[in-house]
Amino acid sequence: MRIQKSNEPVSCGFKTSIGGQALIEGILMRGPEKQSIVCRLADGSLKDKVEDLKLSREKNPILGVPFLRGVPMFIDSLVNGMRAITYSAEQLPEDQQEQPTKFDLWLEKKLGSERAQKAVLGFATVVGAALAIGLFVLLPALLFQLLPRSFRQEHLVLSCLLEGVIRIDIFLVYLWLVTRLDDIKRLFSYHGAEHKTIFCYEKGLELTVENVRAQSRFHPRCGTSFLVVTMLISILAVALMTWILTLIPGYTELTGLPQYLVRVLGKLIILPFIVSFTYELNRWVGRHDELWLARAAAWPGKQIQHLTTREPDDSMMEVAIEALRLVIPEKKGTDVW
């Protein structure tokens, strides 16, 4: 058995489409045909759950077309991820689980257990998306209004870039704050185990703790990279949109809305297009990390992974290995990125 040293190049024998997500004391791995959830129970044993992968594009093939698939894939990942987190939380010892509220009990009584769970997940997904928009879109826009009015009017595009810097600062502060929580530290360690295990698999090495331990925890195809690149592209896109709006005489009078509100609505309108473009860019970067341009595009996300990943212990790597093994397709090559 060969163990690859950590100072060896991280180039892959091939690039897999298998991806994962850290859970509460567990890991979700998503392959081309199915997804697995593996959790570490309180007694030290592993509990797994494997199910067929169900995506929106299977119901409507047009949702799998390049530059249209980004938003549906993002929503699918968000919904499946929320379900997986809920499942992993249910595996915790009873004294560590959050007790159902009166509303939860009422909802279960009215809708039944399964429908109530779907309703709660749907509500949590919507609330999560709304909080993200509020924190990373609306809050920076409000802070933007604190800039001197004369400066905003004379240097509107530059002001937009400054607003983008504020958005990134909020994102970084948010990440730094959550890394102070002990539960999140363990979550990020599982995140590191996921990356290391995928690297090990891509290099064609035997999936052992020793081989996984030697791998890098910074993976170019991480969802964190997708979020960071989305934010960077949105900064440039909003600046371009604002510049175009300035070319339209009296555009605020045309809408009857304040200037800042027009810009906020514009951001929300172009957000799906930014997500779609970034999704395709992320796929291109993942396929061509031998090119300097692709490595440059992946660099910001990999730097953020210093916050969102931590070195895992052996037990976490065992969870990641088992989760990956469960989704490796029987037909070799069907998971090539």
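We now examine the overall build of the protein. A tally of helices and strands in the protein yields 13 helices and four strands. In the protein, the share of contacts with a sequence separation of at least 24, taken over all contacts with a separation of at least 6, comes to 70%. Put simply, the protein shows about 18700 Å² of open surface, and 63% of that area lies on carbon and sulfur atoms.

Within the secondary structure, Thr-309 sits in the loop between helix H12 (292-308) and helix H13 (314-325). Here Arg-217 takes part through its side chain, which lies 2.8 Å from a polar atom of the side chain of Thr-309. At a separation of 2.6 Å, a polar atom in the side chain of Thr-309 contacts the main-chain carbonyl oxygen of Gln-305. What Thr-309 contacts, discounting residues up to four positions off in sequence, is Phe-188, His-191, Gly-192, His-195, Arg-217 and Phe-218.

Before going further, it helps to spend a moment on the packing of aromatic side chains. Under the criterion given, the structure shown has one aromatic pair. Both rings, one in Phe-14 and one in Tyr-201, keep their centres 5.4 Å apart while their planes meet at 80°; by these two values the pair is edge-to-face. Residue Phe-14 is found in the segment before strand S1 (19-23), and its partner Tyr-201 is found in helix H7 (residues 182-202); the two are separated by 187 residues along the sequence. Using a relative accessible area of 14% as the deciding quantity, one classes Tyr-201 as buried. One residue, Lys-203, lies across the ring of Phe-199, its end atom 5.4 Å from the ring centre.

As a further point, take empty space enclosed by the protein. A complete count under the given rule lists two cavities of 30 Å³ or more for this structure. Considered as a void within the structure, the largest cavity measures approximately 40 Å³ in volume. As for the largest cavity, its lining consists of Pro-220, Ser-225, Val-229, Leu-281, Asn-282, Val-285, Ala-297 and Ala-298. Among the secondary structure elements, those contributing two or more residues to the lining of the largest cavity are helix H9 (223-246), helix H11 (259-287) and H12. Looking at the lining of the largest cavity residue by residue, the class counts come to six nonpolar, two polar and no charged.

By the definition in use, this model includes eight salt bridges. Across the salt bridge formed by Lys-196 and Glu-311, the nearest N and O atoms sit 3.2 Å from each other. Residue Lys-196 is located in helix H7, and its partner Glu-311 is located in the loop between H12 and H13; the two are separated by 115 residues in the primary sequence. Several salt bridges converge on common partners, so that one network encompasses Lys-196, Arg-217 and Glu-311.

Pairing geometry for strand S3 (residues 34-40) and strand S4 (residues 46-52), over seven bridges, is antiparallel. Within S4, the position partnered with Val-38 by the bridge is Asp-48. Here S3 folds back onto S4 in antiparallel fashion, the turn holding five residues, of which Gly-44 has a positive phi close to 95°.

The two faces of the sheet receive side chains in turn, since in a regular strand these alternate between them. Direction of pairing for S1 relative to strand S2 (residues 26-30): antiparallel, over a ladder of five bridges. Bridge pairing in S2 places Gln-21 opposite Leu-28.

An order of S1-S2-S3-S4 is seen for the four strands of this open sheet, with the pairing classed as antiparallel. Edge strands, defined here as strands with exactly one partner in the open sheet, are S1 and S4. Strand-to-strand twist of the sheet, defined as the mean angle between neighbouring strand axes without regard to direction, takes the value 15°. Relative to S1, helix H2 (residues 70-90) is tilted by about 40°, and along the sheet it contacts S1, S2, S3 and S4. Contacts from H13 reach S2, S3 and S4 within the one sheet, and its direction differs from that of S2 by about 25°.

Looking at the protein as a whole, the pLDDT averages 82, with 82% of positions reaching at least 70. Predicted confidence is poor over residues 1-11, with pLDDT under 50, and the contacts of this stretch with residues over four places away or in other chains come to 22 contacts.

Here the focus is the side chain of Arg-217. Residue placement: Arg-217 occurs in the loop between helix H8 (209-213) and H9. Side chain to side chain, Arg-217 and Glu-311 meet in a polar contact 3.5 Å long. When neighbours within four sequence positions are excluded, Arg-217 is seen to be in contact with Gly-192, His-195, Lys-196, Gln-305, His-306, Thr-309, Arg-310 and Glu-311.

Residues Ile-18, Ile-27, Met-29, Tyr-190, Ala-193, Leu-207 and Leu-324 are the most contacted members of the largest nonpolar core, which totals 22 residues. For this core, the leading source of residues is H13, giving seven residues. The contacts of Leu-207, once residues within four sequence positions are left out, are Thr-197, Cys-200, Tyr-201, Ile-321, Leu-324, Arg-325 and Ile-328. The next biggest cluster of nonpolar side chains, apart from the first, holds seven residues, and it includes Phe-171, Leu-175, Val-228 and Ile-304.

A few words on the packing of helix H6 (residues 156-178) against H9. Running from N to C, H6 and H9 point in directions that differ by 160°, and their axes come no closer than 9 Å. If you check the angle between H6 and H9, you find them roughly antiparallel. Relative to H9, the crossing made by H6 is right-handed. Here Leu-156, Val-157, Cys-160, Leu-161, Gly-164, Val-165, Arg-167, Ile-168 and Phe-171 of H6 come into contact with H9, specifically with Val-228, Met-231, Leu-232, Ser-234, Ile-235, Ala-239, Thr-242, Trp-243 and Thr-246. Looking at the contact of H6 with H9 residue by residue, the classes come out as 13 nonpolar, four polar and one charged.

Conventions we followed
- Residues numbered from 1 in each chain as written.
- Predicted model: local features only at pLDDT ≥ 70, side-chain atom pairs only at ≥ 80, totals over all residues.
- Heavy atoms only, no water.
- Helix = DSSP H or I, 4+ residues; strand = E, 2+ residues; numbered from the N terminus.
- Contact = heavy atoms within 4.5 Å.
- Areas by Shrake-Rupley, 256 points an atom, 1.4 Å probe, with all protein chains shown as cover.
- Polar contact = N/O pair within 3.5 Å; in protein donor to acceptor, adjacent residues only side chain to side chain.
- Phe/Tyr/Trp six-rings, centres within 6.5 Å; stacked < 30°, edge-to-face > 60°.
- Buried < 20%, exposed > 50% of the residue type's maximum accessible area, 1.4 Å probe, protein only.
- Lys NZ or Arg CZ within 6 Å of the ring centre and 35° of its normal.
- 1 Å grid on protein atoms, 1.4 Å probe; cavity = no way out; pocket = protein on both sides within 12 Å on 5 of 7 lines; lining within 4 Å.
- Points joined across faces, edges and corners; volume = space filled by probe spheres on them.
- Nonpolar A, V, L, I, M, F, W, Y, C, P; charged D, E, K, R; others polar.
- Salt bridge = Lys/Arg side-chain N within 4 Å of Asp/Glu carboxyl O.
- Pairing = 2+ DSSP bridges.
- Axes fitted to C-alpha atoms, helices over the stretch in contact; angles between N-to-C directions.
- pLDDT = per-residue confidence, 0-100.
- Core = buried A, V, L, I, M, F, W, Y, C linked by side-chain atoms within 4.5 Å.
- Parallel < 35°, antiparallel > 145°, perpendicular 65-115°, else oblique.
- Left-handed = near helix turned anticlockwise from the far one by under 90°.

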